[in-house]
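Overview (structure and organization)
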Amino acid sequence: EAGVAQSPRYKIIEKRQSVAFWCNPISGHATLYWYQQILGQGPKLLIQFQNNGVVDDSQLPKDRFSAERLKGVDSTLKIQPAKLEDSAVYLCASSPGTGAYNEQFFGPGTRLTVL
Amino acid sequence: AQSVTQPDIHITVSEGASLELRCNYSYGATPYLFWYVQSPGQGLQLLLKYFSGDTLVQGIKGFEAEFKRSQSSFNLRKPSVHWSDAAEYFCAVVMDTGRRALTFGSGTRLQVQP
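Residues numbered from 1 in each chain as written. Chains lettered and ligands numbered in written order. Predicted model: local features only at pLDDT ≥ 70, side-chain atom pairs only at ≥ 80, totals over all residues. Heavy atoms only, no water.

With respect to the sheet that holds strand 7 (residues 65–68) of chain A
Residue and element names in this part refer to chain A. Spatially, the four strands line up as an open sheet ordered 1-3-8-7, and their pairing is antiparallel. The sheet is open, and its two edges are formed by strand 1 (5–7) and strand 7, each paired on a single side. Shown here is a sheet whose adjacent strand axes are inclined to one another by a mean of 15 degrees, direction ignored. Two strands pair when backbone bridges link them, and strand 3 (residues 19–24) and strand 8 (residues 75–79) are joined in this way by five bridges, in the antiparallel orientation. Bridge pairing links Cys 23 to Ser 75 in strand 8. (Pairing = 2+ DSSP bridges. Helix = DSSP H or I, 4+ residues; strand = E, 2+ residues; numbered from the N terminus. Axes fitted to C-alpha atoms, helices over the stretch in contact; angles between N-to-C directions.)

Below you can see the structure in the form of C-alpha cells.
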C-alpha cells in the first residue's frame, strides 16, 4: 500500500514570496491533516479536512495560509506572503476517519526555508 | 486545554542498555495516548497507542508503554536499545470528543552510544 506522498521535499524562498505544498493521502482515507513542525518542537495542527470539508482550522494563520482539498482526495497548502517564522517542516497525514482511535499516517514532509 | 510534556529534550544511552522516555499529559479525562518515532528525513511512525483496558501496551520494535492515571503519565520503555533506535520520539494525545487532531509534546532526541 502506497503511503502519504508530499512534494516538494525541500523548498527555499525569500520572505514575502509565495509557496505551495502538495499532499496525496493514502487511497480511501477520508481525513487529511496538515501539521507545521518548527525545529525543536513537536508538530502542530494547521488544518484538518474530512473529505473536502474543513473540520478544524482554528490554528491556521488565515491572513497568509490557505488550504484546499478539492474532490476530497489530494490537498494543497499555500503560504502567501511567507515570513521568516514560517521556516519549518510541513507534514501531511491521513487517516481512515475522524475517530480518535484512527491511526494517522504521515508523509515525509516538506522542509521550507524562508530567507 | 490539553497539553503534553516531555521533560527530557535529549537522552543518550549505550547500546544494549534499557530506555525510558517520559511523557506527562494534562487533560481532564482519559485521553487517547500515542508514541511516535521520527527518523531523520522520514515521516512520523506510530510505535504504540493506548485507548483503554490494559495499562501496559506493547508496540512495534520491542517498545512498550505504561499508562498511569494517578501520575498522568505514559512513559515509553525498551529493555535493550539498538543503534537503529536513535531518533526523535514524540508523545501525543487526542481528546475523545471535540478536536481530534494530535497534540504533540516537544519530543525527546535519543542518541545511542556503541
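We are not done yet, so read on.
Overview of the confidence of the model for chain A
Here chain A shows a mean pLDDT of 93. Residues at 70 or above account for 98%. The secondary structure element of chain A with the lowest average pLDDT is strand 6 (residues 53–56) of chain A, at 90, and the one with the highest is strand 8 of chain A, at 98. (pLDDT = per-residue confidence, 0-100.)

Some remarks on the packing of aromatic side chains
Residue and element names in this part refer to chain B. Per the stated rule, a full pass over the model turns up 16 aromatic pairs over all chains. With 6.2 Å between their ring centres and 90 degrees between their planes, Phe 90 and Phe 104 make a pair best called edge-to-face. Here the residue Phe 90 occupies a position in strand 10 (residues 87–94), and Phe 104 occupies one in strand 11 (residues 103–104), the gap between them amounting to 14 residues. (Phe/Tyr/Trp six-rings, centres within 6.5 Å; stacked < 30°, edge-to-face > 60°.)

Re the state of the cysteines
Note: disulfide means a covalent bond formed between the sulfur atoms of two cysteine side chains. Residue and element names in this part refer to chain A. As enumerated under the stated definition, the model contains two disulfides over all chains in all. The residue that forms a disulfide with Cys 23 is Cys 92, at a sulfur-sulfur distance of 1.9 Å. Since a negative S-S torsion denotes a left-handed disulfide, the Cys 23-Cys 92 link at about -70 degrees is left-handed. Of this pair, Cys 23 sits in strand 3 while Cys 92 is found in strand 9 (residues 88–95), placing the two residues 69 residues apart along the sequence. Residue Cys 23 shares its accessibility class with Cys 92, and that shared class is buried. (Disulfide = S-S within 2.5 Å. Buried < 20%, exposed > 50% of the residue type's maximum accessible area, 1.4 Å probe, protein only.)

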